[in-house]
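# Fold and geometry: a report
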Amino acid sequence: TQLLEQSPQFLSIQEGENLTVYCNSSSVFSSLQWYRQEPGEGPVLLVTVVTGGEVKKLKRLTFQFGDARKDSSLHITAAQPGDTGLYLCAGEGTSYDKVIFGPGTSLSVIP
Amino acid sequence: GAVVSQHPSRVICKSGTSVKIECRSLDFQATTMFWYRQFPKQSLMLMATSNEGSKATYEQGVEKDKFLINHASLTLSTLTVTSAHPEDSSFYICSGERAGYNEQFFGPGTRLTVL
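Below, the structure is looked at part by part. Only a predicted model underlies this, so the values are computations on that prediction, with no experimental measurement involved.

## Focus: the nonpolar core
Counting residues in each nonpolar core, the largest one holds 25 residues, and the members touching the most others are Trp 35, Phe 67, Leu 79, Tyr 92 and Leu 112 of chain B. Ile 13, Leu 19, Leu 46 and Ala 79 of chain A belong to the second largest nonpolar core, which has 22 residues in total.

Here it is as structure tokens:
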């Protein structure tokens, strides 16, 4: 069974600080997505990474896919209150059609 | 593009009644739709996968007779919670996957409260 772990589970930081969220597995994924979910709403896709070592940037967010395609990180520079939310990583295995979700990292950015 | 809607956004019902939730892909054809439930401060738990025109595939522990899923067209899937009980209260979210893409696009969710 493929599992995704995320760390930290909870993170509370001051506005302007930088942070990194991690998504790890012992399994290889053909692709991995990052989502942000705000309370009472559905997850919104931020990025998809498919190539080992790939780095994608979305304004202040930098996403990296591990060389072995088993892990990923999300780095936020100069966090803002609008970044507050639940960050979920989701991976599609190389032999499964099913996408599995990590448990999420709940981020709170304090003004 | 890739917008998914859900209706209703909130529903409150009495124990023993059935509730139907609709999930629509508004600007793309979703060959596959997924239904999830989510408890407060937890991640998404996949309930079932449905492909247009065929029976849904349910995850282990999800009762197919209690959670009826119909995927009648490439833009509509419905989840019916039959004989709802308070423990069915949760946030239900659907997603649609476009043919040829490995990305899911989520609806805004439906908050179900069973009294």
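## Topic: the packing of aromatic side chains
This structure, assessed with the given rule, holds eight aromatic pairs over all chains. With a centroid separation of 5.8 Å and 75° between ring planes, the pair formed by Phe 101 of chain A and Phe 106 of chain B is classed as edge-to-face. Within this pair, whereas Phe 101 of chain A is found in strand E10 (residues 99–101), its partner Phe 106 of chain B is found in strand E10 (residues 104–106), the two belonging to separate chains. Neither Phe 101 of chain A nor Phe 106 of chain B differs from the other in exposure class; each is buried. The rings of Tyr 35 and Phe 101 of chain A together with Phe 34, Tyr 36 and Phe 106 of chain B are connected pair by pair, giving a single aromatic cluster.

## Overview of the pattern of salt bridges
For side chains bearing opposite charge, pairing can occur when the charged atoms are close. All names here are of chain A. Applying the stated rule across the entire model yields four salt bridges over all chains. Here Arg 60 makes a salt bridge to Asp 83, at a shortest N to O gap of 2.9 Å. With a gap of 23 residues between them, Arg 60 in the loop between strand E6 (55–58) and strand E7 (61–65) and Asp 83 in the loop between strand E8 (71–76) and strand E9 (85–93) connect regions that are remote in the sequence. For Asp 83, a relative accessible area of 4% puts it in the buried group.

## Structural notes on the pairing of strand E3 (residues 19–25) of chain B
All names here are of chain B. Of the two faces of E3, the one holding Val 19, Ile 21, Cys 23 and Ser 25 is buried and the one holding Lys 20, Glu 22 and Arg 24 is not buried anywhere. Two strands pair when backbone bridges link them, and strand E1 (residues 4–7) and E3 are joined in this way by four bridges, in the antiparallel orientation. Among the inter-strand pairings, Gln 6 is bridged to a residue of E3, identified as Cys 23. Judged from the six bridges that link them, E3 and strand E8 (residues 76–81) form a sheet pairing that is antiparallel. Bridge pairing in E8 places Val 19 opposite Val 81.

## Brief notes about the sheet that holds E1 of chain B
All names here are of chain B. Taken in spatial order, the four strands line up as E1-E3-E8-E7 in an open sheet, and their pairing is antiparallel. Taken across any chain shown, the strands that pair with only one partner, and hence form the sheet edges, are E1 and strand E7 (67–73). Put simply, the sheet's adjacent strands are angled 15° from each other on average, direction ignored.

## Section: unusual backbone geometry
Negative phi is the rule for most residues except glycine; trans is the rule for most peptide bonds. Of the consecutive residues Ser 7 of chain A and Pro 8 of chain A, the connecting peptide bond is found in the cis state with omega at -10°. When you line up the elements, Pro 8 of chain A lands in the loop between strand E1 (5–7) and strand E2 (10–14). Look at the link from His 7 of chain B to Pro 8 of chain B: it is a cis peptide, with omega at 0°. Inspection of the secondary structure puts Pro 8 of chain B in the loop between E1 and strand E2 (10–13). Within the chain, Lys 59 of chain A stands out as a residue other than glycine whose phi angle is a positive 55°. Residue placement: Lys 59 of chain A occurs in the loop between E6 and E7. By relative accessible area, which is 84% here, Lys 59 of chain A ends up exposed. For Ala 78 of chain A, which is not a glycine, the phi torsion comes out positive at approximately 50°. Mapping Ala 78 of chain A onto the fold places it in the loop between E8 and E9.

## Some thoughts on the sheet that holds E1 of chain A
Residue and element names in this part refer to chain A. The five strands lie next to each other as E1-E3-E8-E7-E6, forming an open sheet whose pairing is antiparallel. At either margin of the open sheet sits one strand with a lone partner, and together these are E1 and E6. Between one strand axis and the next, the sheet turns by 15° as a mean value, whatever way the strands run. Note: E6 against E7, four bridges, orientation antiparallel. In the strand pairing of E7, Val 55 is matched with Gln 64.

Conventions used here
- Residues numbered from 1 in each chain as written.
- Chains lettered and ligands numbered in written order.
- Predicted model: local features only at pLDDT ≥ 70, side-chain atom pairs only at ≥ 80, totals over all residues.
- Heavy atoms only, no water.
- Core = buried A, V, L, I, M, F, W, Y, C linked by side-chain atoms within 4.5 Å.
- Buried < 20%, exposed > 50% of the residue type's maximum accessible area, 1.4 Å probe, protein only.
- Phe/Tyr/Trp six-rings, centres within 6.5 Å; stacked < 30°, edge-to-face > 60°.
- Helix = DSSP H or I, 4+ residues; strand = E, 2+ residues; numbered from the N terminus.
- Salt bridge = Lys/Arg side-chain N within 4 Å of Asp/Glu carboxyl O.
- Pairing = 2+ DSSP bridges.
- Axes fitted to C-alpha atoms, helices over the stretch in contact; angles between N-to-C directions.

Shape is all these values report; function is a separate question.
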